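Fold and contact review
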Amino acid sequence: MFVLSPGRYWRTFAIDTREFVLFVNCRQSAVGRGPCLRISETKGISFAGLQRLSSSAGSHKIVKADAILVSIPFESGGVPPWSFGGAPKLQFDTLLVRLETEQGVVGWGEAFSRCEDKSLKAMIETRVLPLVIGRSALEIGKIKYDLEFQLQNFGRVGPIVYGVSAVDIALWDILGKISGLPLTALLGGAFASEVEVYASLMRYGNCADVVRATRQAIERGYRYIKLHEVTEDEIRAAVEAAGAQAAVMLDTNCPWPVAEALKYDRLLEPLNLYWLEEPVWPPENYAGLARIRSTGRHHIAAGENAGSLHDFVAMIAAGAIDIAQPDVAKAGGISELLQIAALCQAEAIEFVPHCAIFGPGQVATIHLNAAQRSVPMLERLYCDFEAEIYGGATLPVNGKVAVPTGPGLGLDPDPGVINRYRVA
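It should be emphasised that the depicted structure is a prediction, and the values quoted were computed from it without experimental measurement.

Cut-offs and rules
- Residues numbered from 1 in each chain as written.
- Predicted model: local features only at pLDDT ≥ 70, side-chain atom pairs only at ≥ 80, totals over all residues.
- Heavy atoms only, no water.
- Salt bridge = Lys/Arg side-chain N within 4 Å of Asp/Glu carboxyl O.
- Helix = DSSP H or I, 4+ residues; strand = E, 2+ residues; numbered from the N terminus.
- Buried < 20%, exposed > 50% of the residue type's maximum accessible area, 1.4 Å probe, protein only.
- 1 Å grid on protein atoms, 1.4 Å probe; cavity = no way out; pocket = protein on both sides within 12 Å on 5 of 7 lines; lining within 4 Å.
- Points joined across faces, edges and corners; volume = space filled by probe spheres on them.
- Axes fitted to C-alpha atoms, helices over the stretch in contact; angles between N-to-C directions.
- Parallel < 35°, antiparallel > 145°, perpendicular 65-115°, else oblique.
- Contact = heavy atoms within 4.5 Å.
- Nonpolar A, V, L, I, M, F, W, Y, C, P; charged D, E, K, R; others polar.
- Core = buried A, V, L, I, M, F, W, Y, C linked by side-chain atoms within 4.5 Å.
- Pairing = 2+ DSSP bridges.

**Looking at the pattern of salt bridges**
- Per the counting criterion, the structure on display carries 19 salt bridges.
- The partner of Lys226 in a salt bridge is Glu277, and the shortest N-O contact between them spans 2.9 Å. A residue pair is termed long-range when its members are at least 10 positions apart, and Lys226 in strand β9 (residues 224-227) and Glu277 in strand β11 (residues 276-277) qualify at 51 residues. This pair shows no difference in class: Lys226 is buried, exactly as Glu277 is.
- One salt bridge connects Glu269 with Arg297, and the closest N-O pair in it is separated by 3.5 Å.

**Some remarks on the layout of surface pockets**
- Here the second largest pocket is characterised by a volume of approximately 450 Å³.
- Contributing to the lining of the second largest pocket are 20 residues, with Phe84, Phe112, Asn253, Glu304 and Lys330 lying nearest its centre.

**Some thoughts on the packing of helix α4 (residues 159-179) against helix α11 (residues 333-347)**
- α11 packs onto α4 with a crossing angle of 95 degrees between their chain directions and a minimal axis gap of 6 Å. What the angle tells us is that α4 and α11 run roughly perpendicular. For the pair α4 and α11, contact is made by Ser165, Asp168, Ile169 and Trp172 and by Gly333, Ile334, Ser335 and Leu338, respectively.
- Of the residues contributing to the contact of α4 with α11, the split by class is four nonpolar, three polar and one charged.

**Considerations on the nonpolar core**
- One finds Leu99, Ile124, Val167, Leu201, Leu227, Ile321 and Ile334 to be the most contacted residues of the largest nonpolar core, which totals 128 residues.
- Each residue touching Leu99, except ones within four places of it in the same chain, is listed here: Ile62, Lys64, Ala65, Val105, Val106, Gly107, Leu129, Val132, Val167, Ala170, Leu171 and Ile174.
- Ala301, Ile323, Val352 and Met377 belong to the second-largest nonpolar core, a separate cluster that totals seven residues.

**Focus: empty space enclosed by the protein**
- Overall, the coordinates contain three cavities of 30 Å³ or more when judged by the stated rule.
- There is about 60 Å³ of room inside the second largest cavity.
- The wall of the second largest cavity is formed by Ile72, Phe92, Asp93, Thr94, Phe358, Phe385, Ala387, Glu388 and Ile389.
- Of the residues forming the lining of the second largest cavity, the biggest block, three residues, is contributed by strand β6 (residues 91-101).
- Split into classes, the residues belonging to the lining of the second largest cavity amount to six nonpolar, one polar and two charged.

**With respect to the pairing of strand β15 (residues 378-381)**
- Both faces of β15 are covered, namely the face carrying Leu378 and Arg380 and the face carrying Glu379 and Leu381.
- Where strand β8 (residues 194-200) lies against β15, four bridges are found, and the strand directions are parallel. Bridging from a neighbouring strand, Tyr198 pairs with Glu379 of β15.

**Considerations on the packing of helix α3 (residues 140-150) against α4**
- Running from N to C, α3 and α4 cross one another at 170 degrees; their axes reach a closest spacing of 10 Å. Between α3 and α4, the interaxial angle falls into the category roughly antiparallel. Contacts between α3 and α4 pair Ile140, Ile143, Lys144, Leu147 and Glu148 from the former with Val164, Val167, Asp168, Leu171, Trp172 and Leu175 from the latter.
- Residues belonging to the contact of α3 with α4 are distributed by class as follows: eight nonpolar, no polar and three charged.

**Brief notes about the sheet that holds strand β7 (residues 106-111)**
- Within the open sheet, the four strands sit side by side as β7-β6-β5-β16. Their pairing is antiparallel. Looking at strand neighbours, the two that pair on one side only are β7 and β16 (384-385), the edges of this open sheet.
- Relative to β7, helix α12 (residues 360-370) is tilted by about 100 degrees, and along the sheet it contacts β6 and β7.

As structure tokens, then:
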């Protein structure tokens, strides 16, 4: 028996030839003693693999850490979407972080990125990654804390946290690969082998394109569709096009002051939207969100711009949300989302992670969702890429995506796709 990470939580593994049992929140090392909660039991795991993990708990030193920026063209079926402060482009970034241990085990993570963000890549390479070289990859909680504490003066929300998120995802991938377990097993076991996916449409800005995209998504098997329109005509047209075949939610990306948001809250009520997401500017105006929520007309969703557990504590305390939407590549990685999920369960808030990414962050979100008893839906931006970073393994089929079962994240990026579309 050994303690994996004596950080914020104790993670204690009991090993014998019959089973592998993961405990969390254990303050004593004896199985069955102390406030231990048994959350996973997986039979048939390689005992030799578990012996390797046990005997080398102090090793698995990280010897290489790289950031790789990939940008892949896509077809959205309409006008170019958001500009993100620059010229609109029909391509999306995947900013990968690759960690390698002295034993050659490779873990992949992802930081949120847009518009070929070479400056973000450089920041992660110069500020974040040097601090993980030489550390044991098994010290997931301790590495995350050290990065956050040492880099706090560079910001608690935004680029630094994106880098920390990527490192955290990669470390969990390494842990799964060393132990021979998929991430869902490390998180307590999968409640589903497939996850429902909702089509998160681009912002088209005209009725013809949004109706066409809505109907096409339904034809492809989606039963939940999210709009990003901000005018009544387009929103109404899409809802009418979906009819009884799909539920429709609306993400407006924080466009309105509270008074205008209240106007739209009233105008859109007859459309029976599944949820209304981020209707208020700025996104941290939790009192404003609470004002919209207090009308009771819509379920209010928010959180993609949050940076940590404590942002969600503040949202919930303000009465701002019904649905929490942390992003694994923005808010501190897998470790932070596990805490946010527990908070949501305790506060009777729905946990539905945001996911507008396509690399290891998306795969991590699939695992996280599958490991929740509620099995939240997975968001997928509705576009067709010129190439798939996982060769199609994460593409929905009839509106669902399979949960990977290999060790760690269960999928590694295609090196051919990386080499072809790498921009930095």
